[in-house]
Every structure is written in structure tokens, then in C-alpha cells.
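Fold and geometry: a report
Take a look at the letters that make up each chain.
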Amino acid sequence: MTEHRAVLAGGCFWGMQDLIRKRPGVFRTRVGYTGGDVPNATYRNHGTHAEAIEIFYDPTVTTYRDLLEFFFQIHDPTTVNRQGNDMGMSYRSAIYYVDDAQKQVALDTIADVNASGIWPGKVVTELEPVGDFWEAESEHQDYLERIPNGYTCHFPRPDWVLPKRDAAE
């Protein structure tokens, strides 16, 4: 079994985890903090880190591109440091790539999202190499499974799907 890793930030990590964990080919997820300045980040002290999700998936079932397309469907990538009512650097949109191949897929996907016009503005999602990922406290893991009516600002937008690319691409 081949397992690949993706790290994404798109606002409150609970909602992203709840939706992404259900995708075909996703083995497991965990929420945490990345992309910032505080070692051993915690909920109470995460400095400039973003709330993020770490995803382990089977690339023979789902591709990195598939994950990114879904990521752009479930959060608003056009707002700086904000998702819904959540505001601040913790809630920014960011892709943390693990290698050059992921970086290129992310650049292509961002270009396709911008060209599609499915969002009313241009994508402001940050694109950075992955760094340390500090796992969030246990009360934040699997939050919406334990508290099904808990807060989230993430939801699938079925009409906001990128047009399919040619098979040759």
C-alpha cells in the first residue's frame, strides 16, 4: 500500500477534517498547526500558524489534484485570513506542498480555479513548502464526529466544480 501526504489549511480545521476524511482513498487525517513561527504549537499558543489538516491518502484511489479540487470547493479561497465568521491568520487558505510535483499540481489547480470563474474573486491561497506540523489537542481531533452539530464553516458546493481536464493533460 502506497501512502501519500497532503497538508492543507482552509480555515477552521474541524470542518475540513470532517469532509475530507470521507473522501475515497483517504486513509486518515489529523488536525494541527503549521506554517508559522511557534515550536510545539498549541491551540492557546500557535503564533502565526494556520489551523491545518494533514491527510494520508492512496494515490491509486484519489489524486492530489482531486484533493485540491475538493479543498477549493469546501472553503472560500478568495478571502485573506478569513473563513466565514472566523478571522485571523489562523484561518488563512494555504497549501503546504511536500515536493515539487505537489507544488506544480497546486499551481496548475490554482490557475484553473482562477480561470474557471467559479469564485467571485481571485484565489489568495498561499503556497509554501511543508514544514513542521504540530498535532492539535485531542479535543480538536475528530471534533464533528463527536459533536455532530458543532460549529463549521465548510460545506460542499456541488455547483462549484472545476471543468474536467483532457485525459491527455
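Shown above is the structure to which this text applies.
Residues numbered from 1 in each chain as written. Predicted model: local features only at pLDDT ≥ 70, side-chain atom pairs only at ≥ 80, totals over all residues. Heavy atoms only, no water.

**A closer look at the overall build of the protein chain**
Secondary structure summary: the protein chain contains four helices and eight strands in total. With respect to the three principal axes, the spread of C-alpha positions in the protein chain is 45 × 40 × 30 Å. Across the 169 residues that make up the protein chain, the buried fraction comes to 49%. Looking at the protein chain alone, contacts between residues at least 24 apart form 76% of all its contacts between residues at least 6 apart. (Helix = DSSP H or I, 4+ residues; strand = E, 2+ residues; numbered from the N terminus. Buried < 20%, exposed > 50% of the residue type's maximum accessible area, 1.4 Å probe, protein only. Contact = heavy atoms within 4.5 Å.)

**Side note on the pattern of salt bridges**
All chains considered together, the criterion is met by 10 salt bridges. Taking the shortest distance from any N to any O, the salt bridge between Arg5 and Glu54 comes out at 2.6 Å. In this pair, Arg5 is assigned in strand E1 (residues 4–10) and Glu54 in strand E3 (residues 50–57), connecting sequence segments 49 residues apart. Among the salt bridges present, the one from Glu54 reaches Arg30, with a minimum N-O distance of 2.3 Å. (Salt bridge = Lys/Arg side-chain N within 4 Å of Asp/Glu carboxyl O.)

**A few points about the packing of aromatic side chains**
Pairs of aromatic rings are described using the distance from one ring centre to the other and the angle between the two planes. Tallied over the full model, the rule gives four aromatic pairs. An angle of 15° between the planes, with centres 3.7 Å apart, marks the rings of Trp14 and Tyr143 as stacked. Within this pair, whereas Trp14 is found in helix H1 (residues 13–20), its partner Tyr143 is found in helix H4 (residues 143–146), the two being separated by 129 residues in sequence. Residue Trp14 is classed as buried on the basis of its relative accessible area, which comes to 15%. Between Trp119 and Trp160, the ring centres sit 4.4 Å apart and the planes meet at 80°, which makes this aromatic pair edge-to-face. (Phe/Tyr/Trp six-rings, centres within 6.5 Å; stacked < 30°, edge-to-face > 60°.)

**Examining the sheet that holds strand E7 (residues 126–129)**
Note: strands within a sheet are paired through backbone hydrogen bonds, in either parallel or antiparallel orientation. Strand order across the open sheet formed by six strands is E7-E6-E1-E3-E2-E8, with mixed pairing between neighbours. At either margin of the open sheet sits one strand with a lone partner, and together these are E7 and strand E8 (133–135). Recorded for the sheet is a direction-independent mean angle of 35° between the axes of neighbouring strands. Relative to E3, E1 runs antiparallel, the two sharing five bridges. (Pairing = 2+ DSSP bridges. Axes fitted to C-alpha atoms, helices over the stretch in contact; angles between N-to-C directions.)

**Remarks on the packing of helix H2 (residues 64–74) against helix H3 (residues 100–116)**
Direction vectors running N to C along H2 and H3 enclose 40°, while the axes themselves pass 10 Å from each other. By the angle between their axes, H2 is oblique relative to H3. As for how H2 packs across H3, the hand of that crossing is right-handed. Contacts from Tyr64, Arg65, Leu68, Glu69 and Phe72 of H2 reach H3 at Gln102, Val105, Ala106, Asp108, Thr109, Ile110, Asp112 and Val113. (Parallel < 35°, antiparallel > 145°, perpendicular 65-115°, else oblique. Left-handed = near helix turned anticlockwise from the far one by under 90°.)

**Here's the deal with the layout of surface pockets**
Here the largest pocket is characterised by a volume of approximately 150 Å³. Of the residues assigned to the lining of the largest pocket, the class counts are six nonpolar, one polar and four charged. (1 Å grid on protein atoms, 1.4 Å probe; cavity = no way out; pocket = protein on both sides within 12 Å on 5 of 7 lines; lining within 4 Å. Points joined across faces, edges and corners; volume = space filled by probe spheres on them. Nonpolar A, V, L, I, M, F, W, Y, C, P; charged D, E, K, R; others polar.)

**Concerning the pairing of E1**
Here E1 lies mainly inside the structure; five of its seven residues are buried. Note: E1 against strand E6 (residues 93–97), four bridges, orientation antiparallel. Each bridged residue has a counterpart across the sheet, and for Val7 the counterpart in E6 is Tyr96.

**Quick notes on H2**
Of all 11 residues in H2, 10 are buried; the element is thus mostly enclosed. Listed in full, the buried residues belonging to H2 are Tyr64, Arg65, Leu67, Leu68, Glu69, Phe70, Phe71, Phe72, Gln73 and Ile74. The secondary structure elements touched by the buried residues of H2 are E1, H1, strand E2 (26–34), E3, E6 and H3.

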